[in-house]
Amino acid sequence: MAEAAQSISTEKVDFDKIRKDFPVLQQQVKGHPLVYFDNAASSQIPSQVADRIDNYHRNEHSNVHRGIHTLSQKATDSYEATRKKVRDFINAGDKDEIIFTTGTTDSINLVANSFCECYVEQGDEILISEIEHHANIVPWQMAAEKHDAKLRVIPVNDDGEIIWDEYLDLLNENTAILAIGHVSNALGTVHPVKKMIEAAHQRHIPVLIDGAQAVPHSAVDVQDLDADFYAFSAHKMCGPTGFGILYGKKKYLDEMPPYRGGGDMIDKVSFEETTYNITPHKFEAGTPPIAAGIGLGAAIDYLSDIGMKNIALYEQELLEYATDELLNIDGLRIIGTAKDKASVLSFVFDDIHATDIGTILDQQGIAIRTGHHCAQPTMRRFDIPATARASISFYNNKKDIDRLVAGIKEAKTFFVD
Ligand code: C6P
């Protein structure tokens, strides 16, 4: 991520002007201008994306694929255009390596079911890290149970970074797949995924990357990473909910069985035998969320116009500013201090519960998230029940951070001083 930020300048991008694209940010909450720092849960949608979805609903709505009439062909063209936009956005080799899903969770479940069906045997090992989101833990646990395989866990150090030697020690001839987050949603750690993939591939181990928190904040190139699978969600990257992507190398996708049965995923159906459609359609059963797919296409256009490298650089600036400011607050401890971090700030106080901080901030119109962030093992690793988490996006600014800091100080005064 830091790498993406190096060679580019934010000077040519007017982030104050960009903020005006987000009508939701212009509102008052509890009598204060809204400050939105819950971007890791779901980012906001710019007018350009909302308008595109609205236009589809008003003027283009029809079911996709196999429609002979004009409206259906138009809807199909708009929907399928997103596949090419995603291919270009993450630099996949072929648009047929882009599978439409309902989100990161669905993408990982697809691989945990379908990949494991043909590549995991009794006694095999599935490797994940200690700081995964539940979406990159539970599907593998379920698969391990089904195939009598073992789940192995790479530990992290006190900064929330992979312990490299332990990682290498865990790779062995029984490792069937490594499934690792690109960026931790709870700590902000950017895992060295390129290096990790290289080490796994030297031992012929395929790798799935959970990119839910990376794609919205950096330029991701799946071919450069050499990822075998890469999963992410539209709603964390200025797109709508209910839509996501699984990138997969064709050599695996062609071998993997379908995940769900129904319309669209078939070639021929009879009561005696059914044959399946080709990749990627064999994984896309039923009528898809068409408007959401078209919305993701618009979100990609929007982000590409700003430039992911510009976004990465600007967010790093805000992260550094926010980190320094938060560390000036007496008693505040940041959880997640990796050298390479994305724009997530998780913090705790010994004497104030995270929920109480979130409640006081909400009274001031400041939205953060509190709790375990669907990463209970991460909380256990750091021996805490929960954190308060402010996650930054490119439409935030230093004034937002100043409001956050003032709000936290007020919470502290209320509960402690
Ligand atoms: N994290 C957060 O507040 P879905 O729900 O399928 O779009 O994404 C799941 C998911 C998977 N991996 C990572 C790293 C994630 O951060 C998330 C979603 C949200 O952090 C909701 S818990």
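To start, this report covers the structure provided alongside it.

Parameters and conventions
Residues numbered from 1 in each chain as written. Predicted model: local features only at pLDDT ≥ 70, side-chain atom pairs only at ≥ 80, totals over all residues. Heavy atoms only, no water. Core = buried A, V, L, I, M, F, W, Y, C linked by side-chain atoms within 4.5 Å. Buried < 20%, exposed > 50% of the residue type's maximum accessible area, 1.4 Å probe, protein only. Helix = DSSP H or I, 4+ residues; strand = E, 2+ residues; numbered from the N terminus. Domains from an automatic or database assignment. Contact = heavy atoms within 4.5 Å. Pairing = 2+ DSSP bridges. Right-handed = clockwise from strand over helix to strand, strands pointing away. Axes fitted to C-alpha atoms, helices over the stretch in contact; angles between N-to-C directions. Parallel < 35°, antiparallel > 145°, perpendicular 65-115°, else oblique. Left-handed = near helix turned anticlockwise from the far one by under 90°. Nonpolar A, V, L, I, M, F, W, Y, C, P; charged D, E, K, R; others polar. Polar contact = N/O pair within 3.5 Å; in protein donor to acceptor, adjacent residues only side chain to side chain. Near = heavy atom within 4 Å. Areas by Shrake-Rupley, 256 points an atom, 1.4 Å probe, with all protein chains shown as cover.

1. Some thoughts on the nonpolar core
- In this structure, Tyr-167, Tyr-230, Leu-326 and Phe-394 are the most contacted members of the largest nonpolar core, which totals 95 residues.
- A total of 11 residues in this core trace back to one element, the largest contributor, which is helix 11 (residues 290-306).
- Each of two domains, domain 1 (3-47 + 307-416) and domain 2 (51-304), supplies a minimum of three residues to this core.
- Setting aside residues up to four positions removed in sequence, Phe-394 forms contacts with Phe-15, Ile-18, Phe-22, Cys-238, Tyr-302, Leu-303, Ile-306, Ile-311, Tyr-314 and Glu-315.
- Judged by nonpolar contacts, the second largest core, of 26 residues, contains Val-111, Phe-229, Leu-246 and Tyr-252.

2. Notes on the pairing of strand 7 (residues 175-181)
- With 7 of 7 residues buried, strand 7 is to be regarded as a mostly interior element.
- Examined bridge by bridge, strand 5 (residues 125-129) and strand 7 share 3 bridges and lie parallel to one another. When the sheet's bridge partners are listed, Glu-125 is paired in strand 7 with Thr-175.
- Bridging between strand 7 and strand 8 (residues 207-210) involves 4 bridges; their strand directions are parallel. The residue bridging Ala-179 from the neighbouring strand is Leu-208, located in strand 8.
- For the segment spanning strand 7, helix 8 (residues 193-202) and strand 8, crossover handedness is right-handed.

3. So, the packing of helix 13 (residues 354-363) against helix 15 (residues 398-415)
- Viewed as axis vectors pointing N to C, helix 13 and helix 15 meet at an angle of 120°, and their least axial separation amounts to 9 Å. With respect to each other, helix 13 and helix 15 are oriented oblique. Note that helix 13 runs across helix 15; the crossing there is right-handed. For the pair helix 13 and helix 15, contact is made by Asp-356, Ile-360 and Leu-361 and by Leu-404, Gly-407, Ile-408, Ala-411, Phe-414 and Phe-415, respectively.
- Its residues assigned to classes, the contact of helix 13 with helix 15 comprises 7 nonpolar, 1 polar and 1 charged.

4. Brief notes about the side chain of Asp-228
- Within the element layout of this structure, Asp-228 appears in the loop between helix 9 (222-225) and strand 9 (229-233).
- At 2.7 Å, the side chain of Asp-228 and the side chain of His-201 are in polar contact.
- In terms of polar contacts, Asp-228 uses its side chain to reach the backbone amide nitrogen of Val-207, at 2.8 Å.
- In this view, Asp-228 contacts His-201, Ile-205, Pro-206, Val-207, Tyr-247, Gly-248, Lys-249 and Tyr-252; residues no more than four positions away in its chain are not counted.

5. Notes on the sheet that holds strand 10 (residues 244-248)
- Taken together, the 7 strands give an open sheet; going across it, the order is 4-10-9-8-7-5-6, and neighbouring strands pair in mixed fashion. Only two strands of the sheet have a single partner each, and these edge strands are strand 4 (98-101) and strand 6 (150-154). Each strand axis lies, on average, 20° off the axis of its neighbour in the sheet, ignoring direction.
- Bridge analysis of strand 9 against strand 10 gives 5 bridges, and the strand direction is antiparallel. By the bridge assignment, Tyr-230 is partnered in strand 10 with Tyr-247.
- In the packing of helix 5 (residues 104-119) onto the sheet, contacts are made with strand 4, strand 5, strand 7, strand 8, strand 9 and strand 10, and the angle to strand 9 comes to roughly 155°.
- Where helix 8 meets the sheet, it contacts strand 6, strand 7 and strand 8, and its direction lies at approximately 165° from that of strand 8.

6. Considering the site of the ligand
- The local shell around the ligand holds 15 residues, among which Thr-105, Asp-210, Gln-213, Ser-233 and His-235 are the closest.
- For the ligand, an oxygen atom lies 2.5 Å from a polar atom in the side chain of Thr-105.
- Interatomic distance of 2.7 Å between a side-chain N/O atom of Ser-233 and an oxygen atom of the ligand.
- In the complex, 85% of the free accessible area of the ligand, which totals 520 Å², lies under the protein chains.
- Looking at side-chain class alone, the shell around the ligand contains 5 nonpolar, 7 polar and 3 charged residues.
- Mapping the shell around the ligand onto the domain boundaries places at least three of its residues in each of domain 1 (3-47 + 307-416) and domain 2 (51-304).

7. Considering the pairing of strand 9
- For strand 9, the buried fraction is high: 5 of the 5 residues fall into the buried class.
- Of the two faces of strand 9, the one lined by Phe-229, Ala-231 and Ser-233 and the one lined by Tyr-230 and Phe-232 are each fully buried.
- Looking at chain direction, strand 8 and strand 9 are connected through 3 bridges and run parallel. Each bridged residue has a counterpart across the sheet, and for Asp-210 the counterpart in strand 9 is Ala-231.

8. Examining the sheet that holds strand 14 (residues 344-348)
- Ordered by their spatial adjacency, 4 strands build an open sheet running 13-14-17-16, and the pairing between neighbours is antiparallel. Every other strand in the sheet has two partners, leaving strand 13 (333-335) and strand 16 (369-371) as the edge strands with one partner each. Between one strand axis and the next, the sheet turns by 35° as a mean value, whatever way the strands run.
- With 3 bridges joining them, strand 13 and strand 14 adopt antiparallel strand pairing. Residue pairing in the sheet places Ile-335 in a bridge with Ser-346 of strand 14.
- Strand contacts of helix 13: strand 14, strand 16 and strand 17 (387-391), with the helix running at about 160° to strand 16, the strand carrying the most contacts.

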